[in-house]
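What follows is the residue order along each chain.
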Amino acid sequence: LGEESEDKAKKRSVVFVVGATASGKSDLALSMAKRHKGVIFNCDSIQIYSGLDRGSAKPTKKECLEVPHHLLNMIGPPNVMTTGDYRRAFEDEIKKIPIDQPVFLVGGTGFYFQAIENGLYPVAKASPKMRKQIEDELQQEDGAIKLYAELKKKDPFTALKISLNDHYRLVRALEIIRTENTTLTEIKKKFATEKAPPDFRLLKIGVVCQREELFVRIQKRSELMVQSGLRQEVQSFLDQGLGAWPPLASVGYAQAGQAIRENKSDLWLIEAISTGTRQLAKKQRTWFKRDPEIFWVEDEQSKLTAEKLLATFLQRRLDEP
């Protein structure tokens, strides 16, 4: 009984490895996980989908053999994974990992990291009936303008954070208002006063790549995507009538879809993906830089410091009663 209660009192160690796309965070996480016999959990909102291979920079088969990878290729079209779905999948999967084995959560999807660390707002699951009603309104003349005006009137603070063209979030915000008789702003306020800390020990490491080097990496990655068959991969989804599948609106896939529709050249596609990826990287850097708890790795010296920090973090876990 004593050993059982002691084991229940233990907390597992989770390491966030964050940063902009193409910054090198996956390589750092792989080396750390190999050295400390850990496992890697994907925290990229596109790598969770099966079939999206050419434009998602998924780990290679060799890398997956070197270190166990989880939360990859979880669902396929026409399904969509929400942040809530991701958190629930994370909670189910992490229970399968021995508590003494460190978990490295790697990616650039800020909302996913936020959900794992802070939990989720207590919002009911989507109502298919209400969602269909709002989506039908959206398709009407000036539908988006009218729906956005409704949101501004009923929840102006949320409206400030949502673009008129962000139809997914616009529909979801109004769905909450109409079905739960409250607003997302009120739900967030309540959540901020009631949320519990995570039930694991957490270390956050961020990876920074110098701007010029990052642009070179992005350019090479964009070229590889196109050369490896991104256009053909997207065409296969279009042939199945899946052109409106939300993941195909992500960077890389959106540009490939446009290239197919408008008969653009591969050179155009490479430059379009490169531009879109640079913009995404800037947004990711801005998101993660807001967190003062992240230790940033910028060069070989700081990488050594991060390794010492990680070793101390994991050793402290082993020393705990």
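See above for the structure.
Predicted, not measured: the structure shown is a model, and the values here were computed from it.

**Q** Would you take a moment to explain the overall build of the protein chain for this structure?
**A** Counting its secondary structure elements, the protein chain contains 15 helices and six strands. On C-alpha atoms alone, the protein chain measures out to a radius of gyration of 21 Å, which is about the 20 Å that the 2.2 N^0.38 rule sets for 321 residues. Each principal axis of the C-alpha atoms in the protein chain carries an extent, and together these give about 65 × 50 × 35 Å. Counting over 321 residues, the protein chain shows a buried share of 43%. Relative to all contacts within the protein chain whose residues are 6 or more apart in sequence, the contacts with residues 24 or more apart total 77%. About 17900 Å² of surface is accessible on the protein chain, with carbon and sulfur atoms providing 52% of the total. The average position of the 51 basic charges and that of the 44 acidic charges among the side chains of the protein chain differ by 2 Å.

**Q** Quick question: what am I supposed to make of the layout of surface pockets here?
**A** Where empty space is left can be seen by rolling a probe of water-molecule size over the atoms. By volume, the second largest pocket is sized at about 340 Å³. Around the second largest pocket, the lining is made up of 18 residues, and of these F90, E91, I94, D199 and F200 lie nearest the centre. With four residues, the top contributor of residues to the lining of the second largest pocket is helix α4 (residues 83–94). Here the lining of the second largest pocket is built from residues that sort into eight nonpolar, two polar and eight charged.

**Q** Can you walk me through the pairing of strand β4 (residues 103–107) in this structure?
**A** Every other side chain in a regular strand lies on the same face of the sheet, so the side chains alternate between the two faces. Taking burial as the measure, the five residues of β4 include five buried ones, the bulk of the element. Pairing of strand β2 (residues 39–42) with β4, which is carried by four bridges, proceeds in the parallel orientation. Each bridged residue has a counterpart across the sheet, and for I40 the counterpart in β4 is F104.

Conventions and cut-offs
Residues numbered from 1 in each chain as written. Predicted model: local features only at pLDDT ≥ 70, side-chain atom pairs only at ≥ 80, totals over all residues. Heavy atoms only, no water. Helix = DSSP H or I, 4+ residues; strand = E, 2+ residues; numbered from the N terminus. Rg over C-alpha atoms; globule rule 2.2 N^0.38 Å. Buried < 20%, exposed > 50% of the residue type's maximum accessible area, 1.4 Å probe, protein only. Contact = heavy atoms within 4.5 Å. Areas by Shrake-Rupley, 256 points an atom, 1.4 Å probe, with all protein chains shown as cover. Lys, Arg positive; Asp, Glu negative; His and termini not counted. Charge placed at Lys NZ, Arg CZ, Asp CG, Glu CD. 1 Å grid on protein atoms, 1.4 Å probe; cavity = no way out; pocket = protein on both sides within 12 Å on 5 of 7 lines; lining within 4 Å. Points joined across faces, edges and corners; volume = space filled by probe spheres on them. Nonpolar A, V, L, I, M, F, W, Y, C, P; charged D, E, K, R; others polar. Pairing = 2+ DSSP bridges.

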